[in-house]
Amino acid sequence: LCKYIEQCPTRRSEVDMNSIPSHVHSIFKQKSHMRQVYNKDVIDSCFAKITPVRYNEQVDLFGLVDCVPLPAGHSIGSANWVIKAGDYKISYVSSSSKLTNHTLPMEVISLANPDVLLLSNLSLNPMYFPDNTLSEVCNVVTSTVKSGGNVLIPCHSTGVILDLIEWLIQNLNKNSLSDVPIIIVSPVADAALAHPDIYGEWLNDAKQAKLYIPELPFQHSQLIKSKRIHHFSNVADGMREVYKTPCIVFAGHPSLRCGDAVLLLEKWRDDTHNAVILIESEFSFATTLAPFLPMSMRSYFCPIDPSINYSQASKLIKDIPRRNGHSALIPLL
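Residues numbered from 1 in each chain as written. Predicted model: local features only at pLDDT ≥ 70, side-chain atom pairs only at ≥ 80, totals over all residues. Heavy atoms only, no water.

Participant: Mind showing me how you'd approach the pattern of salt bridges here?
Facilitator: Oppositely charged side chains are able to pair whenever their charged atoms sit close together. In this structure the tally under the stated criterion is four salt bridges. For K207, the salt bridge identified is with E166, shortest N-O distance 3.1 Å. Highlighted residues: K207 in helix α7 (residues 205-211) and E166 in helix α5 (residues 160-174), separated in sequence by 41 residues. As far as burial versus exposure is concerned, K207 and E166 are alike and both buried. A salt bridge links D319 to K315; the nearest nitrogen and oxygen atoms lie 2.8 Å apart. Of this pair, D319 and K315 both sit in helix α12 (residues 310-319), four residues apart, which is roughly one turn of that helix. (Salt bridge = Lys/Arg side-chain N within 4 Å of Asp/Glu carboxyl O. Helix = DSSP H or I, 4+ residues; strand = E, 2+ residues; numbered from the N terminus. Buried < 20%, exposed > 50% of the residue type's maximum accessible area, 1.4 Å probe, protein only.)

Participant: I'm lost on a nonpolar patch on the surface in this one. Help?
Facilitator: The grouping of V37, Y38 and V42 at the surface amounts to a nonpolar patch, some 270 Å² of accessible area in total. You can call V37 exposed: its relative accessible area is 67%. (Patch = residues over 30% accessible without salt bridge, like charges linked within 9 Å, V, L, I, M, F, W, Y side chains within 5 Å. Areas by Shrake-Rupley, 256 points an atom, 1.4 Å probe, with all protein chains shown as cover.)

Participant: Would you mind going over the nonpolar core with me for this structure?
Facilitator: A general tendency of soluble globular proteins is for nonpolar side chains to be buried together. Counting 34 residues, the largest nonpolar core has V141, L164, I248, F250, I277 and I279 as the members making the most contacts within it. Sorting the residues of this core by element identifies α4 (130-146), β6 (151-154), α5, β7 (182-185), α6 (189-198), β9 (248-251) and β10 (275-278) as the ones contributing at least two each. Ranked by residue count, the leading element in this core is α5, at eight residues. If you look at the next biggest cluster of nonpolar residues, it comprises 21 residues, including I183, L289, F292 and M295. (Core = buried A, V, L, I, M, F, W, Y, C linked by side-chain atoms within 4.5 Å.)

Structure below.
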């Protein structure tokens, strides 16, 4: 996060004065008033205080409350919580998914019979179904590279990118496009791609089974070895040596306000053969691209959000019996 913020923004990624209240314009115009909120040492210090726990491990908090994390099915490490204080039980459902992906499926049984059921972090774009948007992304990528254009996908370094890469590889192979390079640019690209293979306990049964063959659970590991997938900490870290047109680049930050995605978008924005695909649901399509308009590059909004939607949440509330019928829906603000 610090590395993204420390990168010098281009003229188009400067703060949009129209998007902030008029009474704070002077603060942004006088950069001397701005101060550094945190740095890497502060972040490292915070992470050093974190105690890692495993799924279904009981955590005692000061002898007053017992907490148990459960698989949420959303991404590696995502968890729902059962919180008990004496005979009182709270089931807290955070970012969760009922879809089949690379993680352990959401566990529902242990959430049963709470005094209070809390649900939060529901899908921000419930009208977009992940399977449909995944297919749409693959179709856009295929048509773009066939026309000789580059594809830029601003995204986070973990999460849905792991499933998307596997879908793309299958689709490219099916369309005889196996020579198109896939490039991942992120300050944490190396760790983000290595960790899924190391922490097999977080993966679904099919992925875990590969570890006992032994075989790497994700395709990207082998494709990195065969030099079909390349990863760099930034665009100046050797990307020029493997870059060729057409190519597919995953880069951050998905907000398009910092990071290498901004540099690549500036470079490719005037070519109608190129495309940018926004897949992260927490960022508005119009607001994200506003500083770069007008541009010739084709743009698509294909949010791949595996979070449970309101319909699934309603069914979940019915499926989880409660002692007194109390439940609360807390939207993500």
